[in-house]
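# Geometric and topological summary
These are the residues of each chain, in order.
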Amino acid sequence: MSVVRHAVARARGRAAERRAERHLRAAGLVTVTRNWRCRGGELDLVMRDGATLVFVEVRARTRGNFASAAESVGPRKQARLVHAAEAFLQTLSELPPCRFDVVTVEREAGAEAQLAWIRDAFEAPR
């Protein structure tokens, strides 16, 4: 990917994260942190929904011949998110109930982007 295309994709991703955060905050969730990084992973948004800690993966895509935004959060990506969530939880003194949500922002050429919130999108292996 060229430097310019990478920068454009990164800017779209950040815009999608801001839109997702606004949507979730409007639904009553509270932001804990954004773009939390550890070795081997990143958490786009960490939020609270009441007593539940919510790890949110935001995926932005233009509809086309490739996988949808939701389909792009496959087993490998889920494993990276679980790894990052485990690292985040190690920074806390108490372990709250947790869940993994996915917010997708998809658009077709010329159309406004559509946002979808998938609660409990997947579970961490036990």
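What counts as what
- Residue numbers here run from 1 along each chain, matching the order of that chain's written sequence.
- Only residues with pLDDT of at least 70 get local features here, since the model is predicted, and only at 80 or more are side-chain atom pairs given and counted; chain-wide, interface and lining totals rely on the full set of residues.
- With hydrogens and water excluded, all non-hydrogen atoms of the structure serve as input to the side-chain values.
- The helix and strand labels rest on DSSP assignments: H or I over at least four residues marks a helix, E over at least two residues marks a strand, and numbering proceeds from the N terminus.
- For each residue, the accessible area found with a 1.4 Å probe, counting protein chains only, is set against the maximum for its type, and the residue is called buried under 20%, exposed over 50%, and partly exposed in between.
- Throughout, a residue-residue contact means that at least one pair of heavy atoms, one from each residue, lies within 4.5 Å.
- Shrake-Rupley sampling with a 1.4 Å probe provides the accessible areas, and residues are treated as covered by the protein chains on show and by no other component.
- The charge count treats Lys and Arg as positive and Asp and Glu as negative. His and the chain ends do not count.
- Each charge is placed at NZ for Lys, CZ for Arg, CG for Asp and CD for Glu.
- Residue count minus one, scaled by 1.5 Å, sets the expected span of a helix.
- The set of buried Ala, Val, Leu, Ile, Met, Phe, Trp, Tyr and Cys residues whose side-chain atoms join them within 4.5 Å is what this entry labels a nonpolar core.
- Only strands that DSSP links by at least two bridges are regarded as paired with each other.
- To define axes, lines are fitted to C-alpha atoms, for helices over the stretch in contact only, and angles between the resulting N-to-C directions are given on a 0 to 180 degree scale.
- Cysteine sulfurs are considered disulfide-paired once they come within 2.5 Å of each other.
- Here a salt bridge means any side-chain nitrogen of Lys or Arg lying within 4 Å of a carboxyl oxygen belonging to Asp or Glu.

### Let's talk about the overall build of the chain
Along the chain, the regular secondary structure elements total two helices and five strands. Along the chain, from the amino end to the carboxyl end, the secondary structure elements read α-β-β-β-α-β-β. By principal-axis analysis of the C-alpha atoms, the chain measures approximately 45 × 30 × 25 Å. Counting every position in the chain, which comprises 126 residues, the buried fraction comes to 34%. Partitioning the intrachain contacts of the chain with sequence separation of at least 6 by distance along the chain shows that 53% fall at a separation of at least 24. Taken as a whole, the chain presents about 8,000 Å² of accessible surface, with 50% of it coming from carbon and sulfur. Computed over 22 positive and 15 negative side-chain charges, the separation of the two mean positions in the chain equals 7 Å.

### Section: helix H1 (residues 3–26)
Spanning 24 residues, H1 covers 35 Å between terminal C-alpha atoms, matching the ideal 34 Å at 1.5 Å per step. Those residues of H1 lying buried are Ala16, Glu17, Ala20, Glu21 and Leu24. In the core, the buried residues of H1 are packed alongside strand E1 (30–38), strand E2 (41–49), strand E3 (52–62), strand E4 (98–107) and strand E5 (114–122). Looking at the residues trailing H1, positive phi occurs at Gly28, about 105 degrees.

### Looking at the nonpolar core
Within the largest apolar cluster, 15 residues are counted, with the highest numbers of intra-cluster contacts made by Leu43, Phe55, Phe88 and Phe100. Listing elements by their share of this core, those giving two or more residues are E2, E3, helix H2 (75–89) and E4. With six residues, the single largest contributor to this core is H2. The residues touching Leu43, leaving out its near neighbours within four places in the chain, are Arg34, Asn35, Trp36, Phe55, Leu81, Ala84, Ala85 and Phe88. Ala20, Leu45, Val105 and Ala113 belong to the second-largest nonpolar core, a separate cluster that totals twelve residues.

### Concerning the sheet that holds E5
Neighbouring strands of a sheet are bound in pairs by backbone hydrogen bonds; such pairs are parallel or else antiparallel. Read across the open sheet, the five strands follow the order E1-E2-E3-E4-E5; overall the sheet is mixed. At either end of the open sheet lies a strand with only one pairing partner, and these are E1 and E5. Each strand axis lies, on average, 30 degrees off the axis of its neighbour in the sheet, ignoring direction. In this sheet, E5 lies alongside E4 in antiparallel orientation, the contact comprising six bridges. Bridge pairing in E5 places Val103 opposite Trp117. Lying over the sheet, H2 contacts E1, E2, E3, E4 and E5, oriented at roughly 65 degrees with respect to E2.

### Here's the deal with the state of the cysteines
Following the criterion strictly, the structure yields zero disulfides and no others. Summary of cysteine pairing: Cys98 is not part of a disulfide, and the nearest cysteine sulfur, belonging to Cys38, is at 14 Å.

### As for the pattern of salt bridges
It is possible for side chains bearing opposite charge to pair when their charged atoms get close. Here the structure, examined in full by the defined rule, presents eight salt bridges. Between Arg34 and Glu21 there is a salt bridge; the shortest N-O distance is 2.8 Å. Of this pair, Arg34 sits in strand E1 while Glu21 sits in helix H1, placing them 13 residues apart in sequence. For Glu21, a relative accessible area of 8% gives the class buried. If you follow the salt bridges from partner to partner, you end up with Asp49, Arg99, Asp101 and Arg119 in one network.

By themselves, these figures tell us nothing about what the structure is for.
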